[in-house]
Amino acid sequence: MERTLPLEAKRFKQLREEFGYTQQAFAELLDAGSTTADIERGKTKISGKIVAALMGQFQINPLWLFGESGEKHINTRSGDVSPLVVTLDSSGNDNIVLVNQKAAAGYPNNIQDVGWYQSLPSFNIPLPEYRNASYRGFQVEGDSMMPNIRPNEWVLGRAVPNITEATDSKIYIVVLKDSVLVKKLQKVPNNPQSIRLISLNSQYLPIDVKVRDILELWLVNSKLSFGVDEPSDSNLLRQLQESMEELKGQIRGLK
């Protein structure tokens, strides 16, 4: 007769697979021995140390793990949305890590993996606007922020320590548990537990997310654009030429 697995064993395995870890790698991450195989087979109970590790690493609700709550995640950071990992250069200064579209898809699952961050390209900008704070670059996917931000452009964001410091109508990089979005932020009236994310492209409807589901928040302060288009309207060029000629005439008249 086949043994019925405890619910916590099933959910533990579900978590490992969702996060993309092997049994050996997950065991190492949680300090659970050499493998999680016995836990997933129901032969070994999930210890309090492992439960605490799941809560600390992935905000997993212990009550959900044992089937006593429908809430899978809990917010253990009390509004803290500061970056969980910051990389430094050889001089001890913060690097600006670049997260392209492909890397962004796995960003939430690797949010505490130092080795993963070190595999990403990074650089420094020696300008005063990028001092005394942590910055990160994300490549934009999709056209929801058109016309201000185009697909494949890069936005650079400054880390926001706490959700209470977020400002209405500013554009942010919002890291959720399952995605990374670039949106204009708006606080929801009479509901401090939610944040409204607004696209600049009117074809996209606003979405409300729970504050507890926001892992990191970065205030966009600049962007990187490539292949800047030339003006398509020939009249614009002609108007500029006429303005230049008029300006030259005014200068000659001052001599």
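Everything here concerns the structure above.
Residues numbered from 1 in each chain as written. Predicted model: local features only at pLDDT ≥ 70, side-chain atom pairs only at ≥ 80, totals over all residues. Heavy atoms only, no water.

Caption draft 1: The arrangement of the pairing of strand β6 (residues 180-187) in detail. One ladder, built from five bridges, connects strand β5 (residues 171-176) with β6; its direction is antiparallel. Paired with isoleucine 171 across the two strands is lysine 184, which belongs to β6. Taken together, β5 and the strand that follows it, β6, pair antiparallel across an intervening segment of three residues. Summarising the sheet, β6 and strand β7 (residues 194-198) pair through four bridges and their orientation is antiparallel. Looking across to β7, one finds that glutamine 186 is bridged to arginine 196. The loop that links β6 with its antiparallel partner β7 comprises six residues; one of these, asparagine 190, has a positive phi angle of about 65°. (Pairing = 2+ DSSP bridges. Helix = DSSP H or I, 4+ residues; strand = E, 2+ residues; numbered from the N terminus.)

Caption draft 2: Broad picture of the sheet that holds strand β8 (residues 207-210). Read across the open sheet, the nine strands follow the order β2-β1-β3-β4-β9-β5-β6-β7-β8; overall the sheet is mixed. Every other strand in the sheet has two partners, leaving β2 (122-123) and β8 as the edge strands with one partner each. Sheet topology places strand β3 (residues 135-139) next to strand β4 (residues 154-159); five bridges connect them, and they run antiparallel. Within β4, the position partnered with phenylalanine 138 by the bridge is valine 155.

Caption draft 3: A look at the packing of aromatic side chains. All told, the structure shown has eleven aromatic pairs when counted by the stated rule. Counting every residue linked through ring pairs, the aromatic cluster contains Phe12, Phe19, Tyr21, Phe26 and Phe58. Sitting over the face of the ring of tyrosine 204, lysine 183 holds its NZ or CZ atom 5.7 Å from the ring centroid. (Phe/Tyr/Trp six-rings, centres within 6.5 Å; stacked < 30°, edge-to-face > 60°. Lys NZ or Arg CZ within 6 Å of the ring centre and 35° of its normal.)

Caption draft 4: Representation of unusual backbone geometry. With an omega of 5°, the peptide bond between methionine 146 and proline 147 qualifies as cis. Not every positive phi belongs to a glycine, and asparagine 152 is a case in point at roughly 80°.

Caption draft 5: Structural context of the pairing of strand β9 (residues 214-224). β9 sits mainly inside the fold: eight of its eleven residues count as buried. Judged from the six bridges that link them, β4 and β9 form a sheet pairing that is antiparallel. Along β9, the bridge assignment pairs arginine 158 with leucine 219. Summarising the sheet, β5 and β9 pair through five bridges and their orientation is antiparallel. Each residue of the ladder has a partner; that of tyrosine 172, found in β9, is leucine 219. (Buried < 20%, exposed > 50% of the residue type's maximum accessible area, 1.4 Å probe, protein only.)

Caption draft 6: Broad picture of the nonpolar core. Among the nonpolar cores identified, the biggest contains 23 residues, and Val99, Tyr107, Val155 and Val182 are the most heavily contacted of them. Going through the elements one at a time, β1 (96-99), α6 (101-106), α7 (114-118), β4, β5 and β9 are the ones with two or more residues in this core. The residues contacting valine 182, other than those within four sequence positions of it, are Val140, Ser144, Met145, Ile149, Val155, Ile171, Tyr172 and Ile173. Counting 18 residues, the second-largest nonpolar core is a separate cluster that includes Phe26, Ala27, Ile39 and Ile46. (Core = buried A, V, L, I, M, F, W, Y, C linked by side-chain atoms within 4.5 Å. Contact = heavy atoms within 4.5 Å.)

Caption draft 7: Looking closely at the pattern of salt bridges. Taken as a whole and judged by the stated rule, the model has ten salt bridges. With a closest N to O distance of 2.6 Å, glutamate 18 and lysine 72 form a salt bridge. Here the residue glutamate 18 occupies a position in helix α1 (residues 7-19), and lysine 72 occupies one in the loop between α5 (62-65) and β1, the gap between them amounting to 54 residues. Note on glutamate 18: relative accessible area 38%, which makes it partly exposed. The shortest N-O distance in the salt bridge between arginine 41 and aspartate 38 comes to 3.2 Å. Residue classification places arginine 41 among the partly exposed residues on the basis of a relative accessible area of 46%. Its relative accessible area of 35% is what places aspartate 38 among the partly exposed residues. (Salt bridge = Lys/Arg side-chain N within 4 Å of Asp/Glu carboxyl O.)

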